[in-house]
Amino acid sequence: MVASLNDLRNQNEVLDIFCNLVSIPSPSLKEEKVVEWILDFCKKNNIDGKIDNYGNIYINIPPTDSSKEPIMLSSHMDVVGDDSPIDIYLDENNFIHAKGRTLGADDKVGVACALMLAKDLTRNSDKYSHGGLEITFTRDEETGMSGVEHVEFEKIKSKYILVCDADKLGQLQISGASYTNAKIIVKGLKGGHSGIDIGDSTRLNAAKLTAELIAEFPQGAYYSDETGVITSCNIGAIVAGGIQNSVASIVEKGIKTNDYITEIMKKTSTNIINTLGMVSYSIRSASVEKENELKSLMVSIVDKFNQKYKGFAEASIEFEVHLLPFEKADDDRIEKVHTKACEKVGIKNEISSFHAGAETHIYCHNKNAKGETFMPSLLGLADIYNMHSASEKVDYKSLLKGYEVIKNTFISFNK
């Protein structure tokens, strides 16, 4: 017989905390109700929890051994979704869902495990020898990461930060990619009518030139190592040609469609020797060196283009940095303690790089109260599937193991 969710919650405190958290809607920048619940939890369990000027929560568990150094856990309180009621249930395969909406396991898993560890350390202070635990719960990770950007870094004592926000049990991600946009503009210096002027070899078509130029650029993985893709280049959009009248018609008529590309192509002008083309790219890299190498390559391709078509056409490229990279550190202390913790729980960890952004990217470019640069890692404490969708679900058994992983990581760190 499958146990009911209520029975499981009564038997497993961390699961009960998680279920309480996911039952509280907390869309980005509307986290007030979950903040209230967390602060009440801290008060009931004699945990020192405070809210900062931005609405983030900071928890401090004092050391029991001042000769050891502290460590910090970080998770975000906001979720993808709205503030409508949440009804959770357990299916026959041990997955917890929310009926008809996103569950919010990202990142209520991390919050639940951190609160459970804080409670355990507080009520059993004589059992653990440690250098202190700091916990930060942030707002607005999903839409802008404004919460972590407003963290009072100068008050944090820890150098090592475990950001508990990955989606697979046993994951330890030690680097993450930057996010940079590149914009290429191609101009033909002469336009014309495709019937009258087509024989003039000095009238170069910017749409054709744009295609020629981007054919020289890398696409996809640019550099990889044993942890995965480190640097990549991906074309986002190409805009060129006689689309002005077509777009104007769509705006004028108020046309709504899920396929604007097809709609635009219905009325494009083909009797124009085009003079303008634009292309957007995303560059992601967990290595500053490799990102700069890729950028230099793209610039050199544009330079060669301009030399070839001098006097007839010109191209330019601009880069706009949106997120700095989270680079791999030389220090492997967290890798070692996490490996031991996973072994003790009976699972094998997976050490890798991830090709996206997270709060690790903000922490690693800031310093603590001692002036030390933070050394973050991204951890997974449960198996979460279909994140950010109405089909999102979490394996509750993996969450129970995830708590044991973070608890044993903390113990191993303090040995």
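Figured I'd write up the structure that's included with this text. Just so we're clear, the structure is a prediction, and the values are computed from it rather than from any experiment.

## Quick look at a nonpolar patch on the surface
Thought 1: Together, Val-239, Leu-276 and Met-278 give the surface a local cluster of nonpolar side chains, amounting to about 240 Å² of exposed area.
Thought 2: Tracing the backbone shows Val-239 in strand 12 (residues 228-240).

## Section: the packing of aromatic side chains
Thought 1: Under the defined criterion, the tally for this structure stands at nine aromatic pairs.
Thought 2: For the pair Phe-95 and Tyr-385, a centre-to-centre distance of 5.5 Å together with 85 degrees between the ring planes defines the contact as edge-to-face. Taken together, the residues span a long stretch of sequence, with Phe-95 in strand 5 (residues 95-98) and Tyr-385 in strand 18 (residues 384-385) at a distance of 290 residues.
Thought 3: Residue classification places Tyr-385 among the partly exposed residues on the basis of a relative accessible area of 30%.

## Notes on the sheet that holds strand 5
Where strands meet in a sheet, backbone hydrogen bonds hold them as pairs that are either parallel or antiparallel.
Thought 1: Within the open sheet, the four strands sit side by side as 4-5-19-18. Their pairing is antiparallel. Every other strand in the sheet has two partners, leaving strand 4 (88-90) and strand 18 as the edge strands with one partner each.
Thought 2: Inspection of the sheet shows strand 4 paired to strand 5 by three bridges, in the antiparallel sense. Paired with Tyr-89 across the strands is His-97, a residue of strand 5.
Thought 3: Seen against the sheet, helix 2 (residues 13-22) touches strand 4, strand 5 and strand 19 (393-395) and runs at an angle of roughly 15 degrees to strand 5.

## Remarks on the pattern of salt bridges
Thought 1: Inspection of the entire model under this criterion finds 20 salt bridges.
Thought 2: Here Lys-308 makes a salt bridge to Glu-212, at a shortest N to O gap of 3.1 Å. Of the two residues, Lys-308 is situated in helix 9 (residues 288-308) and Glu-212 in helix 6 (residues 206-214); the sequence distance between them amounts to 96 residues.
Thought 3: By relative accessible area, Lys-308 is classed as exposed at 57%.
Thought 4: As a salt-bridge pair, Glu-293 and Lys-290 come within 3.5 Å of each other at their nearest N and O atoms. Taken as a pair, Glu-293 and Lys-290 lie in helix 9 at a separation of three residues, close to a single helical turn.

## Brief notes about the packing of helix 6 against helix 9
Thought 1: In the contact formed by helix 6 and helix 9, the axes pass within 10 Å of each other and the chain directions differ by 140 degrees. One element, helix 6, and the other, helix 9, form an angle in the oblique class. The interaxial crossing formed by helix 6 with helix 9 has right-handed handedness. Facing Leu-209, Glu-212 and Leu-213 of helix 6, the residues of helix 9 in contact are Ile-301, Val-302, Phe-305 and Lys-308.

## Observations regarding unusual backbone geometry
Thought 1: Cis geometry is adopted by the peptide bond preceding Asp-107, which originates at Asp-106 and carries an omega value of 15 degrees.
Thought 2: Positive phi, close to 55 degrees, is recorded for Asn-46, a residue that is not glycine.
Thought 3: Tracing the chain through its elements places Asn-46 in the loop between helix 3 (32-44) and strand 1 (48-51).
Thought 4: If you check the backbone angles, His-388 has positive phi at about 70 degrees while not being a glycine.
Thought 5: With respect to the secondary-structure elements, His-388 resides in the loop between strand 18 and strand 19.
Thought 6: Judged by its relative accessible area of 38%, His-388 is partly exposed.

## What about the nonpolar core?
Side chains of nonpolar character tend, in soluble globular proteins, to be buried together.
Thought 1: Phe-18, Ile-38, Ile-96, Leu-115 and Phe-137 are the most contacted members of the largest nonpolar core, which has 67 residues in total.
Thought 2: A per-element tally of this core places helix 4 (residues 105-123) first, with eleven residues.
Thought 3: Aside from chain neighbours lying at most four places away, what touches Phe-18 is Ile-96, Leu-103, Ala-105, Lys-108, Val-109, Ala-112, Val-394 and Leu-399.
Thought 4: Membership of the second largest hydrophobic core comes to 21 residues, among which are Val-186, Leu-204, Ile-214 and Phe-305.

Scoring rules and cut-offs
- Residues numbered from 1 in each chain as written.
- Predicted model: local features only at pLDDT ≥ 70, side-chain atom pairs only at ≥ 80, totals over all residues.
- Heavy atoms only, no water.
- Patch = residues over 30% accessible without salt bridge, like charges linked within 9 Å, V, L, I, M, F, W, Y side chains within 5 Å.
- Areas by Shrake-Rupley, 256 points an atom, 1.4 Å probe, with all protein chains shown as cover.
- Salt bridge = Lys/Arg side-chain N within 4 Å of Asp/Glu carboxyl O.
- Helix = DSSP H or I, 4+ residues; strand = E, 2+ residues; numbered from the N terminus.
- Phe/Tyr/Trp six-rings, centres within 6.5 Å; stacked < 30°, edge-to-face > 60°.
- Buried < 20%, exposed > 50% of the residue type's maximum accessible area, 1.4 Å probe, protein only.
- Pairing = 2+ DSSP bridges.
- Contact = heavy atoms within 4.5 Å.
- Axes fitted to C-alpha atoms, helices over the stretch in contact; angles between N-to-C directions.
- Parallel < 35°, antiparallel > 145°, perpendicular 65-115°, else oblique.
- Left-handed = near helix turned anticlockwise from the far one by under 90°.
- Core = buried A, V, L, I, M, F, W, Y, C linked by side-chain atoms within 4.5 Å.

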